[in-house]
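Structure assessment
So you can see what is in the structure, the chains are spelled out below.
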Amino acid sequence: MNAQLNDAELAESAKAAQPAPATTKRDAASIAALHEAEAADVHVSVDDVDLAAELTGADASTMASPDVAEYAMRLGDDALILSQRLGWWISRAPELEEDMALGNIALDLLGHARSLLHYAGTATGRSEDDLAYWRDEHEFRCAWLFEQPNGDFAHTIARGLIAAIYMQELYTALSASTDASLAAIAAKSVKEVAYHRDHAVQWTLRLAGGTEESRARMLVALTDTWPYIDELFRDDELHERLGDAAPLPSSLRAGFDEIWSAVLAEAEIAEADFVNPKIGQSSGGGRFGNHSTHLGPLLAEMQVLARRHPGATW
Amino acid sequence: MTLTAPDASALHPDDDVAELQARFDAIIEADQRIEPRDWMPEAYRKTLIRQISQHAHSEIIGMQPEGNWISRAPSLKRKAILMAKVQDEAGHGLYLYSAAQTLGISRDEMTEQLITSRARYSSIFNYPTPTWADMGAIGWLVDGAAICNQVPLCRASYGPYGRAMVRICKEESFHQRQGFEILLELSQGTPEQHEMAQDAVNRWYWPSLMMFGPPDDESPNSAQSMAWKIKRFSNDELRQRFVGMLVPQAEVLGLTLPDPNLRWNDETGQWDMSEIDWTEFNEVLAGRGPANAQRIQHRREAHEQGAWVREAAAAYAEKQAAKQRQAA
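Residues numbered from 1 in each chain as written. Chains lettered and ligands numbered in written order. Predicted model: local features only at pLDDT ≥ 70, side-chain atom pairs only at ≥ 80, totals over all residues. Heavy atoms only, no water.

Some details on the overall build of chain B
As a reminder, the rule being used: A run of H or I in DSSP counts as a helix once it spans at least four residues, and a run of E counts as a strand once it spans at least two, with each numbered from the N terminus. Just to be clear, the radius of gyration here is over C-alpha atoms, and the globule rule we use is 2.2 Å times residues to the power 0.38. Whether a residue is buried, partly exposed or exposed follows from its accessible area with a 1.4 Å probe, protein chains only, as a fraction of its type maximum: under 20%, in between, or over 50%, in that order. Using the Shrake-Rupley algorithm and a 1.4 Å probe, accessible areas are obtained, with residue cover drawn only from the displayed protein chains. His is not counted, nor are the chain ends; Lys and Arg add positive charge and Asp and Glu add negative charge. To locate a charge, take NZ of a lysine, CZ of an arginine, CG of an aspartate or CD of a glutamate.
Summing up its helical and strand segments, chain B has 14 helices and two strands in all. By the compact-globule yardstick of 20 Å for 328 residues, chain B fits well, its C-alpha radius of gyration being 22 Å. Along the three orthogonal principal directions, the C-alpha set of chain B runs to about 70 × 50 × 30 Å. Among the 328 residues that make up chain B, the fraction classed as buried is 58%. Looking at chain B as shown, the accessible area adds up to about 13800 Å², and 51% of this sits on carbon and sulfur atoms. Of the charged side chains in chain B, 34 are positive and 45 negative, and the gap between their average positions amounts to 8 Å.

Laid out in C-alpha cells, this is it:
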C-alpha cells in the first residue's frame, strides 16, 4: 500500500492538487435540488434545509465501547484541532486558489472530526458538540503536531505534509478495523486525505524548489515541525486493548517513513538540512492530556461563544 | 494566470464601425449574448469590467466579515456550513475574475486596484460583525439582497458574466437559507439569543436596502446599463421586490423589521417605507464606514505576505518547464 512516490505519482498529484469546486464537499445532488427552484427567479422559500447525511459511520444506535471511544476521541481531536488551525487561512491565503484548497482541507477534516467525535460520544451519552465545546484542555487527546501554530505558509505546509502522510497510513489501515463504525469513517476519510497529501507534497516541492527564500523558509518550517513526528507512532496500553479494532501506531511508521523520505528526496532535502542536532523528538503527551502551550488559547477562542450560552442550541 | 482578451477591434480591422455597432445592437435587441470575441463598444466593455470586477472584489472582501466567526462558530455543524460558505465566496470571486479577464484585464491588475483602493466593492462589507447573529443577518438580508440583484444578471447580455452568475446564484440561495436558519434558531432560542437576532436584523436591515443603490432618479449609470441589458430591473424595482420577500419571512422568524412605516399600499401597489438615510450610505461609500480601512488592510496584508509563495510557485513552474524543454 506504500507505493514508492515516483514521478508519475507526483505528476498525478499535481493534477489532484487543483482545488475542487466548493460544492463537491457537500452532497452535490441535494444542493442542486435545493437550488433548482430559486435559480429560475427570485423566490426563496423558508423550508428547512436538509444538509444531507453529515456524519459517516454505522447507524446512530451503534455505541462505542469505552476503549474505542477513547481511540475515536484521539483521532477526532487531531482532525478537529488541525481543521480549526486551517480555518484561519480562509481569506488570508497567498492566492485565492489556496483560500479554497485550504478551506477544502479544513472542511474535510472537520467532517472527519464530527464523525469520530459523534461516535466517541456514544459511549458516554455526549454529542460531538459536548466533546468539542465542553471539555477542558487536559481532556483533549490530540497530538502536539496538530496544535502547532500556522506560522508562515511553509509551516502550514510542513505540518500538513506530516499530518496527511500519517493520516493516509492510518486510515488505510483502519479501514480494515473490526469495529464497523471506525472502518466506515476511515474508508471515507482516506480518499479525502489522499488529496490533502497531494496538496502538501506539491507545495513542499514548490517551496523547496522555488526561490532561495522559499527554500529557506521550508527548511525552517521542517526544523520546527519535525520534532512532533514520533508522538504519532507511540503505542500505549489502549492500543494493546483495542486489538484488531485499530492498528498499532508503530505499525504505521514504515509506511510513513517511505513516503516522507520519497518526498524529501524529490524536494532535494536531506534530514541534515533541517534537523537541529541539539533538539530531538518531543516527548509531548497529547494522548494523555498533556498539551503544548498552543492548545489553550486555541480552545479558548473555539469554545467562547458556546460556553457563554450553556444549554442553548444553534 | 493572465488571460488577455482579444482586442475586438483588431479582429475586425476592415469592418466599418457603424456596421459593427449595428450588429452589436441587433444582438442586444434580440436578447442574444455578446461573447468575448465579438466586437463591442468600448464603453460597454469598460462598464462590464467595472461592474464584474467590483462584484468579484465584493465576494473577496465579503469573506472577511464572516471569516471572523469561523473560529468561534458555536457548533461544529455551524462551523462546517460557515466554512463552506466563505469558501464559496472565494470561488465566486474566482469565476468573476475569470469573466472580467475575458474583457482584457488581468487578475493582478484587478487585485492591485482593490488593495490600492482604486476599485470599489460593495459597501455593505464595511460593517463589522460583532455577534454570531450577524452570520444569520448577513445570510438572510445581505445574501438575500444580493440574490435579488443577481438573479436578473444571469440573463446579462455578456455571456461569460451571465454564465458565472448562474453558478453563483445557485450557491447564494443556499447561503440565504442558512442565514435564515441561523436567525430562526436564535429567535426561538433563549431570550438572550432572540435579542441577539433582533439586534443583528436592526443593524443590517437598512444597509441591505442600500445595496440596491440610489433611487432610480439619482442613479447615473443605470439607464445605459439597462439599455445594454446588463441590468434588467431598476434599483427601486428590485428594492421593492426584496422588501416584499422579507416581510412574510420576518413573520416566520418572529423578528421585527426596523421600519415603523413599512406597510403595503394597495393604491400604488408598492411597499411604503421610511426614507432611506443616504447620508450614511454616502459616508460609507466615501470610505468613512466603520471597517473600510480594516477590510483593505486585511486584503493587502494577505496579498503581500503571500508574495513569496506566489513567487516560489512561479519559479518552480519555470524550472520544471525548462527541465521538460531540455528533456525534449
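So, next bit.
Concerning the interface of chain A and chain B
How we decide: Only heavy atoms matter for contacts: two residues are in contact if any of them lie within 4.5 Å across the pair. For any pair of parts, buried area is found by adding up, for both, the accessible area (1.4 Å probe) each one loses once the two are put together. A side-chain nitrogen of Lys or Arg and a carboxyl oxygen of Asp or Glu constitute a salt bridge if their distance falls within 4 Å. Polar contacts, as counted here, are pairs of nitrogen or oxygen atoms within 3.5 Å of one another; within protein the pair requires one atom able to donate a hydrogen and one able to accept it, and residues that are adjacent in sequence qualify only if both atoms are side-chain atoms. Residues are grouped as follows: Ala, Val, Leu, Ile, Met, Phe, Trp, Tyr, Cys and Pro are nonpolar; Asp, Glu, Lys and Arg are charged; all remaining types, including Gly, are polar.
Residue-level contacts link 68 residues of chain A with 62 residues of chain B. Summed over both sides, the interface of chain A with chain B buries roughly 6000 Å², with 65% coming from carbon and sulfur. Of the charged contacts, one joins Arg308 of chain A and Glu192 of chain B as a salt bridge, the two residues approaching to 2.8 Å between their closest N and O atoms. At the junction of chain A with chain B, the criterion picks out 18 residue pairs in polar contact (both at pLDDT 80 or more). The set of elements that each furnish at least two residues to the side of chain A that touches chain B consists of α2 (28-40), α3 (66-87), α4 (96-121), α5 (128-133), α7 (153-174), α8 (180-209), α9 (212-225) and α13 (295-308) of chain A. In terms of residue count, α4 of chain A provides more of the side of chain A that touches chain B than any other element does, eleven residues in total. Broken down by class, the residue content of the side of chain A that touches chain B amounts to 34 nonpolar, 15 polar and 19 charged.

Observations regarding the environment of Val201 of chain B
All names here are of chain B. Relative to the elements of secondary structure, Val201 occurs in helix α9 (residues 191-210). Sequence spacing of Val201 and Arg155 is 46 residues, and the spatial spacing of their C-alpha atoms is 31 Å. For Val201, the contacting residues outside a window of four places in its chain are Ala137, Trp140, Leu141, Leu183, Leu255, Thr256, Leu257 and Pro258.

A few points about α8 of chain A
All names here are of chain A. Put simply, the test is: The span expected for a helix works out to 1.5 Å for each residue beyond the first. Throughout, the bend at a residue refers to the angle made by two axes, fitted to the seven residues ending there and to the seven starting there.
With 30 residues, α8 ought to run about 44 Å at 1.5 Å a step, and its terminal C-alpha atoms sit 43 Å apart, in line with that. Remark: the principal bend of α8, roughly 30°, maps to Val190. Summarising burial for α8: 23 of the 30 residues are buried, a large majority. The residue sitting at the N-terminus of α8 and contributing the capping side-chain oxygen is Asp179; that oxygen lies 3.1 Å from the backbone nitrogen of Ser181.

A few points about a negative patch on the surface
Residues and elements named next belong to chain B. To be explicit about the condition: Patches here are clusters of residues that have more than 30% relative accessible area and form no salt bridge, with a 9 Å joining cutoff for like charges and a 5 Å cutoff for nonpolar side chains (Val, Leu, Ile, Met, Phe, Trp, Tyr).
Where like charges cluster on the molecular surface, the negative patch consists of Asp108, Glu109, Glu112, Glu301 and Glu304. Contributions of two or more residues to the negative patch are made by α6 (107-115) and α13 (292-305). Ranked by residues supplied to the negative patch, first place goes to α6 with three residues. Within the secondary structure layout, Asp108 lies in helix α6. You can call Asp108 partly exposed: its relative accessible area is 46%.

Considering α13 of chain B
For an α-helix the count is 3.6 residues per turn, leaving residues at separations of three or four pointing the same way. All names here are of chain B. For clarity, the cut-off: Arc definition: directions from the helix axis to the C-beta atoms.
Its 14 residues place the ends of α13 20 Å apart at the C-alpha level, agreeing with the 20 Å of an ideal helix rising 1.5 Å per residue. Every buried residue of α13 is accounted for by Asn292, Arg295, Ile296, His298, Arg299, Ala302 and His303. For α13, the angular spread of the buried residues around the axis is 155°, confining them to a single face. Away from its buried face by more than 90 degrees, α13 exposes Ala293 and Gln305. Contacts made by the buried residues of α13 are with α3 (42-61), α4 (63-67), α6, α12 (278-288) and α14 (307-327).

Comments concerning the pattern of salt bridges
Going through the model one piece at a time under the given rule, you end up with 26 salt bridges over all chains. Between Asp67 of chain A and Arg241 of chain A there is a salt bridge whose closest N-O contact spans 3.0 Å. Within this pair, whereas Asp67 of chain A is found in helix α3, its partner Arg241 of chain A is found in helix α10 (residues 237-242), the two being separated by 174 residues in sequence. Looking at Asp67 of chain A, the relative accessible area reads 23%, which means it is partly exposed. Taking the shortest distance from any N to any O, the salt bridge between Glu128 of chain A and Arg114 of chain A comes out at 2.7 Å. Highlighted residues: Glu128 of chain A in helix α5 and Arg114 of chain A in helix α4, separated in sequence by 14 residues. A residue is classified by how much of its surface remains accessible, and Arg114 of chain A, at 7% relative accessible area, is buried. Here the residues in one salt-bridge network are Glu66, Lys85, Glu89 and Asp143 of chain B, joined through shared partners.

What to know about the side chain of Gln303 of chain A
Residue and element names in this part refer to chain A. Assignment of secondary structure puts Gln303 in helix α13. Take Gln303: its relative accessible area is 5%, and that puts it in the buried class. If we ignore the near neighbours within four places in the chain, the residues touching Gln303 are Ala132, Tyr133, Trp134, Arg135 and Phe140.

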